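Working through the structure, step by step
Each chain is listed here by its residues.
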Amino acid sequence: MKNQFVADVLYQIADLLDLKGEIFFKTRAYRTAAQAIEVLDEDIEVVAKEGRLREIPGVGEALAKKIKELIDTGKLEYFEKLKKEIPMGLLNMLKIPGLGPKKVAAVYQHLGVKTIEELRQACLEGKLRTLDGFGETTENNILRGIQLLEKTRGRVLLNVAYEDGMKYIDYLKQCNEIQRLSIAGSLRRMKETIGDIDILASSDNPDKVMDYFVEYSDVQRILLKGSTKTSVVLKDDLQVDLRVVKEESFGSALQYFTGSKEHNVKMRGIAIKQGFKLNEYGLFDKENNEYIVGKDEKEIYNKLGLMYIEPELRENRGEIEMAGKHKLPKLIMYNDVKGDFHVHSNWSDGSESIQTIAEYTQSKGYEYIGIADHSQSLKVARGLSEEKVVKKIKEVEKVNKKLFDFKVLCGTECDIKPDGSLDYSDKVLKLFDFVYAGVHSTFKMTREEMTKRVTKAMENEHVDFLAHPTCRLIGRREPFDLDMEQVIDVAKETNTFLEINAFPDRLDLNDLHARLGKEKGVKFVLGTDAHSLTHLDFMQYGVATARRGWLEKKDVLNTYSLKEIERFLLR
DNA sequence: GCCGTTTTCGGCCCGACTGTTTTCAGTCG
């Protein structure tokens with residue numbers, strides 16, 4: 001599958017053309033095509049071979065030719081030429097929030113700035129303010145943007161690491177020298193960003209396992225190779241460490257390498273207090289160094305008088321104490337989810353029809369699906385006018401007539417205006433099966449103003465869910481300043497479900513806020529914010545965040561049956 | 001660069017916001 005590769009090249013061409021000052025519509029054409037290829041559920045190589053490239057929406061004569069060249073030769077002359085014209089470092093500069101192609105081009109042309117580091121220097125020296133359209137504030141904004149970018153540098157979003165990790169695991173499963181195999185580290189804990197992927201295997205023949213490990217086709221280079229630890233870098237620059245231990249140590253090694261560090265420190269302290277010693281090789285008697293347990297994680301926790309602690313909880317946030325009292329929550333399971341509420345159809349900015357989404361999600365095993373398209377003022381996302389809402393509801397009714405044992409719920413992701421009012425009249429809001437309210441613009445408000453804005457929307461009787469409450473975009477936009485405690489209180493009073501948005505760069509609410517909400521008795525709804533069929537699989541990252549927030553099945557609306565859901569929404 | 005058709009080229013999404021200006025350009029969603 002070269003789909004992602006082709007899409008990435010097209011995205012880069014679009015950026016490069018932006019920097020050259022090409023017209024907006026041309027660069028948009030590249031991006032539209034790139035996105036279509038990214039979510040294509042077919043292998044682009046097959047499509048190319050069968051001469052069907054132009055059937056992909058957004059791919060015309062010129063792009064089809066370029067894509068074909070790229071697939072056939074692995075290269076694209078046009079792209080190579082552009083790269084010679086424009087330093088690639090400028091593409092990194094585009095990632096800085098608040099910096100677009102025009103400004104990047106200006107600092108390159110007038111100051112010769114080619115990298116983020118040079119840009120930082122130029123800002124610090126006050127050189128940018130000498131350029132037309134730049135001032136002191138711009139310099140400060142850029143410096144802040146660079147800082148934000150660096151916070152997540154070297155880390156990738158959970159879904160990227162997860163997909164890489166699972167593919168690698170599938171490959172390693174074919175190695176018959178391996179007895180047991182697991183993901184470890186922060187990926188096993190399902191943290192929102194991942195620095196590198198840790199994999200653990202048990203084997204009596206570690207050298208052969210390591211040989212097999214480095215033969216993987218996605219390996220770019222080998223950093224180090226030994227018989228207990230080997231590290232490689234994948235073609236997408238993500239580092240993967242494999243550790244191989246003996247079968248009898250698999251559980252203790254898994255415990256050790258899953259972390260977190262803080263969790264492990266505490267665990268070892270407890271072991272010592274009870275006359276043991278805990279390390280990656282097992283649980284030992286402190287006095288005579290005798291091996292006690294270590295084959296399975298569970299027996300280690302139990303031997304120390306603790307309940308088994310799920311990986312998502314291992315952050316030393318009180319889970320060890322609760323495990324000691326046998327009071328850990330019974331976490332929501334990944335297969336507890338019976339439906340998704342936050343799905344965009346092609347009525348607004350999604351790529352699929354309601355019918356297609358319904359069929360796909362039913363085949364996935366869901367019982368219902370909530371279509372929540374954008375509201376009218378969100379023109380960029382082709383938000384629905386009030387007239388179109390009525391038409392869409394009819395369409396949903398039509399689709400539902402064709403379905404058996406499955407229901408499409410017609411909702412909206414209604415924009416919350418700066419004054420806290422909603423983008424549809426109450427008369428229209430009443431027509432929906434459910435209403436998400438969400439902020440989509442004017443992010444810079446004071447804490448008081450934003451809290452007032454959001455809570456006012458929640459107080460509207462038609463609003464059921466609060467979408468992506470803090471509007472953060474991991475690595476790109478800070479969460480806005482919101483009095484979360486007050487939002488939670490109002491959610492409780494108004495019976496508003498708080499969303500855990502499962503889209504990997506949002507995961508909003510985050511784990512900590514979810515836990516805070518649960519403690520106060522608030523309920524939650526999971527939504528993928530899917531704009532294509534592949535996005536629907538992001539649900540697992542929402543569940544992971546819920547688990548990291550200590551949520552149980554009963555706390556999450558999506559685990560209820562259709563009948564129960566309808567009761568909730570009709571209240 | 002794509003698309004649709006007005007069949008050979010014009011339209012393609014646009015308003016809010018920010019920081020820079022003094023009427024606007026750039027960025028964002």
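Residues numbered from 1 in each chain as written. Chains lettered and ligands numbered in written order. Predicted model: local features only at pLDDT ≥ 70, side-chain atom pairs only at ≥ 80, totals over all residues.

Let us now look at the overall build of chain A. For chain A, the helix and strand inventory stands at 24 helices and 17 strands. Viewed in the frame of its principal axes, chain A has a C-alpha envelope of about 75 × 60 × 55 Å. Counting every position in chain A, which comprises 571 residues, the buried fraction comes to 42%. Within chain A, contacts between residues separated by at least 24 positions form 64% of all contacts whose residues are at least 6 apart in sequence. (Helix = DSSP H or I, 4+ residues; strand = E, 2+ residues; numbered from the N terminus. Buried ≥ 20, exposed ≤ 12 C-beta atoms within 10 Å, placed from the backbone. Contact = placed C-beta atoms within 7 Å.)

Bringing the nonpolar core into the picture now. Side chains of a nonpolar character, in soluble globular proteins, are inclined to be buried together. Ala437, Phe524 and Leu526 are the most contacted members of the largest nonpolar core, which has 116 residues in total. Setting aside chain neighbours within four positions, we find Leu526 in contact with Val337, Ile500, Ala502, Met539, Gly542, Val543, Ala546, Val556 and Asn558. Counting 34 residues, the second largest nonpolar core, distinct from the first, contains Leu19, Leu63, Ile116 and Ile142. (Core = buried A, V, L, I, M, F, W, Y, C linked by C-beta atoms within 7 Å.)

In the vicinity of DNA strand B, 33 residues are found, and the nearest of them are Gly60, Leu63, Gly100, Lys103 and Gly135. Elements with a contribution of two residues or more to the surface near DNA strand B: α2 (24-38), α4 (61-73), α7 (101-111) and α9 (136-151). With 4 residues, the single largest contributor to the surface near DNA strand B is α9. Within the surface near DNA strand B, the residues separate by chemical class into 13 nonpolar, 12 polar and 8 charged. (Near = placed C-beta within 6 Å. Nonpolar A, V, L, I, M, F, W, Y, C, P; charged D, E, K, R; others polar.)

With that out of the way, let us pick up the environment of Leu53. Take Leu53: it is sitting in the loop between α3 (44-49) and α4. Judged by the 22 C-beta atoms lying within 10 Å of it, Leu53 falls in the buried class. Once the C-alpha coordinates of Leu53 and Ile37 are considered, the two residues, 16 residues apart in sequence, prove to be 9.8 Å apart. In contact with Leu53, other than residues within four places in its own chain, are Val47, Ala48, Val59, Ala64, Ile67 and Lys68.

On to the sheet that holds strand β12 (residues 368-374), then. What the 7 strands build is an open sheet, ordered β11-β12-β13-β14-β15-β16-β17; its pairing is parallel. In this open sheet, the two strands that pair with only one neighbour each are β11 (339-343) and β17 (524-527). Across the sheet, helix α17 (residues 354-364) is in contact with β11, β12 and β13 (407-415); its angle to β12 comes to roughly 145 degrees. (Pairing = 2+ DSSP bridges. Axes fitted to C-alpha atoms, helices over the stretch in contact; angles between N-to-C directions.)

Glancing now at the domain arrangement of chain A. Once the domains are mapped, chain A shows domain 1 (1-86), domain 2 (98-151), domain 3 (157-245), domain 4 (250-324) and domain 5 (334-570). Here the C-alpha centroids of domain 2 and domain 5 sit 37 Å apart. (Domains from an automatic or database assignment.)

All right, on to α4 then. Over its 13 residues, α4 runs 18 Å from end to end, which matches the ideal 18 Å to within 8%, given 1.5 Å per residue. Looking only at α4, the buried set comprises Leu63, Lys66, Ile67 and Leu70. Projected onto a plane normal to the axis of α4, the buried residues spread over an arc of 100 degrees and lie on a single side. Across from the buried face of α4, at angles greater than 90 degrees, the exposed residues are Glu61, Asp72 and Thr73. The secondary structure elements touched by the buried residues of α4 are α1 (3-20), α2, α3 and α5 (77-85). Within two residues after α4, Gly74 carries a phi angle of roughly 80 degrees, on the positive side. (Expected span 1.5 Å × (residues − 1). Arc of directions from axis to C-beta.)

The two faces of the sheet receive side chains in turn, since in a regular strand these alternate between them. Bridge count between strand β5 (residues 219-225) and strand β6 (residues 229-234): 5 bridges; the pairing is antiparallel. Bridge assignment links Leu224 to a residue of β6, and that residue is Ser231. Hairpin connection of β5 to β6: 3 residues between the antiparallel strands. The pairing of β6 with strand β7 (residues 239-245) spans 5 bridges and is classified as antiparallel. Paired with Val232 across the two strands is Val240, which belongs to β7. Where β6 hands over to β7, the hairpin turn is made up of 4 residues, of which Asp237 adopts a positive phi near 75 degrees.

Let us now look at the environment of Leu82. By secondary structure assignment, the location of Leu82 is in helix α5. Beyond its immediate sequence surroundings of up to four residues, Leu82 is in contact with Ile13 and Leu16.

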